[in-house]
Amino acid sequence: MVNTKITYKDAGVDVHRGYEAVAQMKKHVRSTYTKGVLTDIGSFGGAFSLAAFKDMEEPVLVSGTDGVGTKLKLAFDMNKHDTIGIDAVAMCVNDIICSGAEPLFFLDYIATGRIAPEHIADIVKGISEGCVQSLCALVGGETAEMPGFYSDGEYDVAGFAVGIVDRKKMIDGSTIKEGDIIIGLPSSGVHSNGFSLVRKLVEVAGIELDTYEESLGETYGEAFLKPTKLYVKAIKAAKEVATLKGIAHITGGGFIENVPRILPEDVSAKIHLKAIEKPAIYDFLEKTSGLGVEELYNTFNMGIGMMVVVASEEIDKVISALHKAGEKATVIGEIVKGNQGVILCQD
């Protein structure tokens, strides 16, 4: 055996790139700190004080974890990495607010073949922006350099969020009944679901991501890479003026899979499709895929990222609060007798 020194760097891992990545991300991480944060970046664990919630009768922690999926491939192709982190945060916090929780903190996990400090800093910049929009703190994370597992220039991003709610104020859909009204909050686009199909359609159509499309007012890549909208502030505003009976985040599985998750067994959700204003990119997806209405609404959000169910007498208050919070919310349906289904009505 030859007595040769083989370093970690020789194996493909450069710890100094990791140090540089941490140095570049510090300012972004610290921009998210709220009063509850007790530890700084670099600690072995992120500590968060619950002292501000000591007056809750029965505090309940609500957690959620998710990733961005194959939307990442578009970020690689476009060499744009500063918004994908917003998606990572949104996919987690938009889930936990459905139970009425207020997001407290977020942790991220980034795995890559070779650390490029500037790319990692951009990703964390997006994660930090998502946290600021969500009123939560980025208290920790992990960046793993995994040569031979990921190709150079590629990475995966996932996250984990924790929120809190007083048990008596939890929202679980159990009080939803016939006659209640469904309010839709618009999506910013495709968000972070269905991108395996999106990428296939781009390939079949033979379009380039940097192609400008007049009907979109931007390139295809810009339209697809648009980050998932965060609904934390909007839902918080709505909760302050009325009792929300149910909240559904429209993610993977679209309307068909997600809406029934909040419905009691004896009712269904009737959705009026003409009340939904779809982002222009959906024209391309519909025409290129040739999918029927049921399949489209079982795959994409189709223009609605979040649904709120309220009693009919609460409509005006809730919509007014949502509008003041910057959401173009509208009534898109009602609760009817049924069996936990979704009725897509085109009249």
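Sequence order as written defines residue numbering, which begins from 1 separately in each chain. Totals for whole chains, interfaces and linings use all residues, but because this is a predicted model, local features are given only for residues with pLDDT of at least 70 and pairs of side-chain atoms are given and counted only at 80 or more. For side-chain calculations, the full set of non-hydrogen atoms in the structure is used, while hydrogens and water are omitted.

The name an unreviewed UniProt entry assigns to the protein is Phosphoribosylformylglycinamidine cyclo-ligase, from the organism Candidatus Cellulosilyticum pullistercoris. UniProt positions are given in the numbering used here, feature names are shortened, and annotations may be inferred rather than shown by experiment. UniProt lists a comment for the protein under the heading Sequence similarities (unreviewed entry), and it reads "Belongs to the AIR synthase family." For the protein, the Subcellular location (unreviewed entry) comment in UniProt is given as "Cytoplasm".

1. Regarding the overall build of the protein
The helix and strand labels rest on DSSP assignments: H or I over at least four residues marks a helix, E over at least two residues marks a strand, and numbering proceeds from the N terminus. Scanning the protein from terminus to terminus reveals 11 helices and 12 strands. Along the first, second and third principal axes, the C-alpha atoms of the protein reach 80 × 55 × 35 Å. For every residue, the accessible area obtained with a 1.4 Å probe (protein chains only) is divided by the maximum for its type, and the residue is called buried under 20%, exposed over 50%, and partly exposed between those limits. Relative to its full complement of 347 residues, the protein shows a buried share of 51%. Using a 1.4 Å probe, the Shrake-Rupley method yields the accessible areas, and only the shown protein chains count as cover for residues. Looking at the protein as shown, the accessible area adds up to about 16400 Å², and 50% of this sits on carbon and sulfur atoms.

2. Points about the UniProt feature "domain: PurM-like C-terminal" (unreviewed entry) in the protein
Mapped onto the present numbering, the UniProt feature "domain: PurM-like C-terminal" (unreviewed entry) falls at residues 177–343. Between the C-alpha atoms that bound residues 177–343 the distance is 16 Å, and the span itself is 32% helix and 22% strand.

3. What to know about the UniProt feature "domain: PurM-like N-terminal" (unreviewed entry) in the protein
UniProt records the feature "domain: PurM-like N-terminal" (unreviewed entry) for residues 58–165 in the present numbering. A helix fraction of 35% and a strand fraction of 37% characterise residues 58–165, whose end C-alpha atoms lie 8 Å from each other.

4. Focus on the pairing of strand β11 (residues 330–337)
Here the rule is simple: two strands pair whenever DSSP picks up at least two bridges between them. Direction of pairing for strand β5 (residues 181–186) relative to β11: antiparallel, over a ladder of four bridges. Of the residues in β11, the one forming a bridge with I181 is E334. Of the pairings in the sheet, the one linking strand β9 (residues 267–272) to β11 comprises five bridges and is antiparallel in character. Opposite I271, over in β11, you have G333 as the bridge partner.

5. Let's talk about the state of the cysteines
By definition, a disulfide links the sulfur atoms of two cysteines through a covalent bond. Here, the term disulfide refers to a pair of cysteine sulfur atoms separated by no more than 2.5 Å. Under the defined criterion, the tally for this structure stands at zero disulfides. Free cysteine: C136, not disulfide-bonded; nearest cysteine sulfur from C131 at 4.0 Å.

6. Looking at the sheet that holds strand β3 (residues 137–145)
Reading across from one edge, β1-β4-β2-β3 is the order of the four strands in this open sheet, with mixed pairing throughout. Looking along the sheet, the strands with just one partner apiece sit at the ends: β1 (59–67) and β3. Sheet twist, expressed as the mean angle between neighbouring strand axes with direction ignored, is 15°. Sheet analysis places strand β2 (residues 102–112) next to β3, joined by eight bridges and oriented parallel. Note that in β3 the partner of Y109 across the bridge is E142. Contacts are assigned to residue pairs that have any heavy atoms within 4.5 Å of one another. Only the stretch in contact is used when a helix axis is fitted, and all axes are lines through C-alpha atoms; the angle between N-to-C directions ranges over 0 to 180 degrees. Packing of helix α3 (residues 84–96) onto the sheet brings it into contact with β1, β2 and β4 (155–166), and relative to β4 it is tilted by some 30°.

7. Digging into unusual backbone geometry
Look at L135: it is not a glycine, yet its phi comes out positive at around 60°. Relative to the helices and strands, L135 is located in the loop between α4 (117–134) and β3. Taking relative accessible area as the criterion, L135 reaches 40% and is therefore assigned partly exposed. Phi angles above zero are rare outside glycine, and H191 is one such case at about 60°. Along the polypeptide, H191 turns up in the loop between β5 and α5 (195–205). The exposure class assigned to H191 is buried, which follows from its relative accessible area of 2%.

8. Digging into the environment of I276
Mapping I276 onto the fold places it in the loop between β9 and α9 (281–289). Judged by its relative accessible area of 8%, I276 falls in the buried class.

9. Things to note about the sheet that holds β11
The strand order across the open sheet built from six strands is β8-β10-β5-β11-β9-β12, with neighbouring strands paired in mixed fashion. One side of each edge strand has no neighbouring strand; the edge strands of this open sheet are β8 (246–249) and β12 (342–345). Strand after strand, the sheet turns through a mean of 25° between neighbouring axes, direction not considered. Across four bridges, β8 lies against strand β10 (residues 304–310) in antiparallel orientation. When the bridges of β10 are listed, A248 appears paired with M307.

10. Regarding a nonpolar patch on the surface
Here the term patch refers to residues with relative accessible area over 30% and no salt bridge, with like charges joined within 9 Å and nonpolar side chains (Val, Leu, Ile, Met, Phe, Trp, Tyr) within 5 Å. Salt bridges are counted wherever a side-chain nitrogen of Lys or Arg sits within 4 Å of a carboxyl oxygen of Asp or Glu. A contiguous nonpolar surface patch, about 350 Å² in accessible area, is contributed by Y8, V15 and Y19. Owing to a relative accessible area of 35%, V15 belongs among the partly exposed residues under this scheme.

11. Here we look at the pattern of salt bridges
Under the defined criterion, the tally for this structure stands at 14 salt bridges. Note that R30 is salt-bridged to D40, the shortest N-O span being 2.8 Å. Of this pair, R30 sits in helix α1 (residues 15–30) while D40 sits in the loop between α1 and β1, and the two are 10 residues apart along the sequence. We classify D40 as partly exposed; its relative accessible area is 32%. The shortest N-O distance in the salt bridge between K200 and E203 comes to 3.9 Å. Note that K200 and E203 are positioned in helix α5 at a spacing of three residues, about one turn of the helix.

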